[in-house]
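Report on the structure
Listed below, chain by chain, are the residues.
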Amino acid sequence: MLNGHVSFFDQVNQNFDRAARFTAHPQGLLDIIKTCNSVYHFTFPLERDNGEVEVIHAWRAEHSHHKLPTKGGIRYSLDVNEDEVMALAALMTYKCAVVDVPFGGAKGGIRIDSKKYSKHELERITRRYTFELVKKNFIGPGIDVPAPDFGTGPREMAWIVDTYTALSPDKLEGAACVTGKPIAQGGVRGRNEATGRGVAFVTHEVCAIEEDMRAVGLSKGIEGKRVVVQGLGNVGSFTAMFLQKMGAVIVGLIEFDGVLYDPNGIDAAAIVEQWNALRRGEKSMQKLDVPASLRWSGSPKEGLELDCDILIPAALENQITDENAARIKAKIIVEAANGPVTSGAGETLNQRGALIVPDHYANAGGVLVSYFEWLKNLQHVRFGRMERRSEEQAYRRILDAIAVRTGKSFTENELSNLAHGAEEADLVHSGLEDTMGNAYKNLLEIRARHKVDLRTAAFIDAIDKIAICYQDLGIFP
Ligand code: NAD
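The following refers to the structure shown. Here, residues in each chain are numbered from 1, in the same order as that chain's written sequence. Totals for whole chains, interfaces and linings use every residue, but because this is a predicted model, local features are given only for residues with pLDDT of at least 70 and side-chain atom pairs only at 80 or more, for both listing and counting. Based on all heavy atoms of the structure, the side-chain values leave hydrogens and waters out of the count.

1. Points about the overall build of the protein
- Numbering goes from the N terminus for both helices and strands, where a helix is a DSSP run of H or I of at least four residues and a strand is a run of E of at least two. Looking only at helices and strands, one finds 17 helices and 11 strands in the protein.
- For the protein, whose C-alpha radius of gyration is 23 Å, the value lies close to the compact-globule estimate of 23 Å for 477 residues.
- Once the C-alpha set of the protein is aligned to its principal axes, its extents read approximately 75 × 55 × 55 Å.
- Remark: exposure states derive from per-residue accessible area (1.4 Å probe, protein chains only) relative to the maximum for the residue type, with buried under 20%, exposed over 50%, and partly exposed in between. Looking at the protein as a whole, 55% of its 477 residues qualify as buried.
- Contact between two residues is taken to exist if any of their heavy atoms lie within 4.5 Å; hydrogens are not considered. Expressed as a percentage of contacts within the protein between residues at least 6 apart in sequence, the contacts between residues at least 24 apart total 68%.
- Computed with a 1.4 Å probe, the accessible areas rest on the Shrake-Rupley method; for each residue, only the protein chains presented here act as cover. A total accessible area of about 20,800 Å² is found for the protein, and carbon and sulfur atoms account for 52% of it.
- Seen as two clouds, the 55 positive and the 63 negative side-chain charges of the protein have centres 2 Å apart. C-alpha atoms define the radius of gyration in this analysis, and the globule rule sets the expected value at 2.2 Å times the number of residues to the power 0.38. The charged-residue count follows a simple rule in which Lys and Arg add positive charge and Asp and Glu add negative charge, with His and chain termini not counted at all. Here the site of a charge means NZ on Lys, CZ on Arg, CG on Asp, or CD on Glu.

2. Re the nonpolar core
- Ranked by size, the top nonpolar core spans 100 residues in total, and within it L253 and I332 carry the most contacts.
- Per element, the largest residue contribution to this core is 12 residues, and it comes from helix α3 (residues 82–98).
- The residues contacting I332, other than those within four sequence positions of it, are V206, C207, M213, V216, L218, D309, I310, L311, L355 and V357.
- Nonpolar core, defined: a set of buried Ala, Val, Leu, Ile, Met, Phe, Trp, Tyr and Cys residues in which side-chain atoms within 4.5 Å join the residues together. Grouped together as the second largest cluster of nonpolar side chains are 24 residues, L46, Y76, I139 and I160 included.

3. Quick word on α3
- When the terminal C-alpha atoms of α3 are compared, their 25 Å separation across 17 residues agrees well with the 24 Å that a helix rising 1.5 Å per residue should span.
- Burial runs high along α3: 15 of the 17 residues are buried.
- Polar contacts, as used here, are pairs of N or O atoms within 3.5 Å; protein pairs need one atom able to donate a hydrogen and one able to accept it. Residues neighboring in sequence count only if both atoms are side-chain atoms. Of the residues that open α3, the one with a side-chain oxygen 3.0 Å from the backbone nitrogen of D83 is N81.
- Trailing α3 by a residue or two, D100 shows a phi angle of about 55°, which is positive. Here, expected helix span is obtained from the residue count minus one, scaled by 1.5 Å.

4. A word on the site of the ligand
- For this purpose, a residue is taken to be near a molecule or strand whenever a single non-hydrogen atom of the residue falls within 4 Å of it. Inspection of the region around the ligand gives 23 residues, with D149, G151, T195, E255 and N338 positioned closest.
- Residue V235 places a main-chain N or O atom 2.9 Å away from an oxygen atom belonging to the ligand.
- Protein coverage of the free-state accessible area of the ligand, which is 830 Å², stands at 87%.
- Every element with two or more residues in the shell around the ligand is listed here: α8 (234–246) and β7 (249–255).

5. Description of the state of the cysteines
- Disulfides are defined as cysteine sulfur pairs within 2.5 Å. A full pass over the atoms with the stated rule returns zero disulfides.
- Left without a disulfide partner, C469 is nearest to the cysteine sulfur of C96, which lies 12 Å away.

6. Section: the sheet that holds strand β4 (residues 104–110)
- Strands were regarded as paired on the criterion that DSSP finds at least two bridges between them. Read from one edge to the other, the open sheet built from five strands follows the order β1-β2-β4-β3-β5, with strand pairing classed as mixed. Taken across any chain shown, the strands that pair with only one partner, and hence form the sheet edges, are β1 (38–47) and β5 (144–148). Strand after strand, the sheet turns through a mean of 20° between neighbouring axes, direction not considered.
- Summarising the sheet, strand β2 (residues 53–62) and β4 pair through five bridges and their orientation is antiparallel. By the bridge assignment for β4, A58 is matched with I110.
- Axis lines are fitted to C-alpha atoms, over the contacting stretch for helices. Their N-to-C directions set the angle, which ranges from 0 to 180 degrees. Packing of α3 onto the sheet brings it into contact with β1, β2, β3 (70–76) and β4, and relative to β4 it is tilted by some 150°.
- Seen against the sheet, helix α4 (residues 119–135) touches β1, β2, β3 and β4 and runs at an angle of roughly 140° to β1.

7. Describing the packing of helix α6 (residues 194–207) against α8
- Where α6 contacts α8, the axes come no closer than 7 Å and their chain directions differ by 45°. With respect to their mutual orientation, α6 and α8 come out oblique. When you trace α6 past α8, the crossing you get is right-handed. Where α6 abuts α8, its residues T195, G196, R197, V199, A200, F201, T203 and H204 lie against V235, F238, T239, F242, L243 and M246.
- Asp, Glu, Lys and Arg are counted as charged, while Ala, Val, Leu, Ile, Met, Phe, Trp, Tyr, Cys and Pro are counted as nonpolar; the rest, among them Gly, fall into the polar class. Taken together, the residues of the contact of α6 with α8 break down into eight nonpolar, five polar and one charged. Working rule for angles: under 35 degrees goes down as roughly parallel, over 145 as roughly antiparallel, 65 to 115 as roughly perpendicular, anything else as oblique. The sense of a crossing depends on the near helix, which, turned anticlockwise from the far helix by less than a right angle, makes the crossing left-handed and, turned clockwise, makes it right-handed.

8. A closer look at the sheet that holds strand β10 (residues 332–334)
- With mixed pairing, six strands are arranged side by side in an open sheet as β8-β7-β6-β9-β10-β11. Looking along the sheet, the strands with just one partner apiece sit at the ends: β8 (258–261) and β11 (355–357). Neighbouring strand axes in the sheet, compared pairwise and without regard to direction, differ in orientation by 15° on average.
- Note: strand β6 (residues 226–230) against strand β9 (residues 310–313), four bridges, orientation parallel. Residue pairing for β9: V229 is matched across the bridge by I312.

9. Considering the environment of N234
- The topology assignment puts N234 in helix α8.
- Here the alpha-carbon distance between N234 and A194, two residues 40 residues apart in the chain, equals 9.4 Å.

10. Topic: the packing of aromatic side chains
- Pairing of aromatic side chains requires ring centres within 6.5 Å, counting the rings of Phe and Tyr and the six-membered ring of Trp. Pairs whose planes differ by under 30 degrees are stacked, by over 60 edge-to-face, and all others tilted. Applying the stated rule across the entire model yields 12 aromatic pairs.
- The interplanar angle of 55° and the centroid separation of 5.2 Å between the aromatic rings of Y94 and F459 together place this pair among those described as tilted. Linking Y94 in helix α3 with F459 in helix α17 (residues 454–473), this pair joins segments that are 365 residues apart in sequence. Like Y94, the residue F459 is buried in the burial classification.
- Arranged with centres 6.1 Å apart and planes meeting at 35°, the rings of Y371 and F372 form a pair that is tilted. Grouping residues by exposure puts Y371 and F372 together as buried.
- Here the aromatic residues Y40, F42, F44, Y129 and F138 are joined through ring pairs into a cluster of three or more.

Laid out in structure tokens, this is it:
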């Protein structure tokens, strides 16, 4: 804490401490879990396209080595600092535990505004960052595996895997050094949209619990729920599109420089299409071709206070704070971003009876599918490649037998719909929904047992799972 300001990492630890009181673990063990194991801050020079030289600041934090590799995204943002990467790495540890992904948590960041650099400059920055991580043993399939985060995507992950494998050409499993890669570089189908798909699925599950909906004054079911999404990047855009498909009404979309609002609903898919068509450095709400009536006059920050049932912050941390918490009207807040609700604001919202779905459960779809990608890279074979045809043939045999027994044959259309073997994307979606659904049931059970909110339940779950692991490991030497 500095001058009354609670840092991001301290906020994560406050939430941890609140939950730890419901566990019986010794303080020493809790301290081991909470501590960030390693933080690497480094600098390197960049020669810009115009010949000027600039010093770049970069970090990688590995929060917990109780399971290896560690895992977490790489963020490009001017706000990146040591506290932020430590907080985000800690959240990764707890997130992996909640969805049973066998990794410790990590996070990396480079302090740049990616919009201000050319593609070639970003490539040089990314490759040098990777090289520095290799030098210090902070990256590798069994060591630490980065992924995309704010300001990065499949393109940056392709540069990372290429740099890493160029430096270790004999490593058979080299492609598993990073996830979120393009498919042609060993990525897995479904990873790009995984976090948003997971957030939408979780929101659907939350709305399906009648008791919870009654408690917040809403009817059961996702259909017709009025949703505001902050951030049209990877997570926000897919979340909005999947929710729209599920029958929710997207009433507001918030970006850094503008807000779109229509109480009757916005066609999120059409807006996302326009947004994605803008070049990286030129993305702006002002450049969208939309009716003037759709443009809301308030500021992006005020957009969070719009009248809606569900608010989904999917941009950055510290968006709902002590300053604006009392004015937030949403009855459900689903934390698609990491740390969007400060711990003080969370208390205000809880007292008001709002339901907060915590980040380290809500946005875990990304790391979950990253885990599938890592497994695919180690196996060197696409999911479903061996069994798809065999499954199809088995279904055909069953359908043929049914046709013989009933004397009624299936049409070709029915046959191709019913006798469909699982493709890679089907398996990834199935793994995502199965894990997120089971994790939610588990959290609801913990919530009921301890009479706590969902965030505390998710921390209790993570602490218990990690504690068992540390207890089994003992202390070396
Ligand atoms: P992104 O860079 O793809 O998108 C972020 C979007 O937020 C951008 O469109 C940006 O313009 C917008 N934005 C920035 N400041 C804003 C503001 N003040 N108001 C409104 N919009 C603003 O990043 P992302 O990958 O979608 O990540 C978003 C959040 O989700 C981050 O907190 C990240 O840590 C978290 N997250 C991402 C993943 C993933 O798989 N990418 C997984 C889990 C969690």
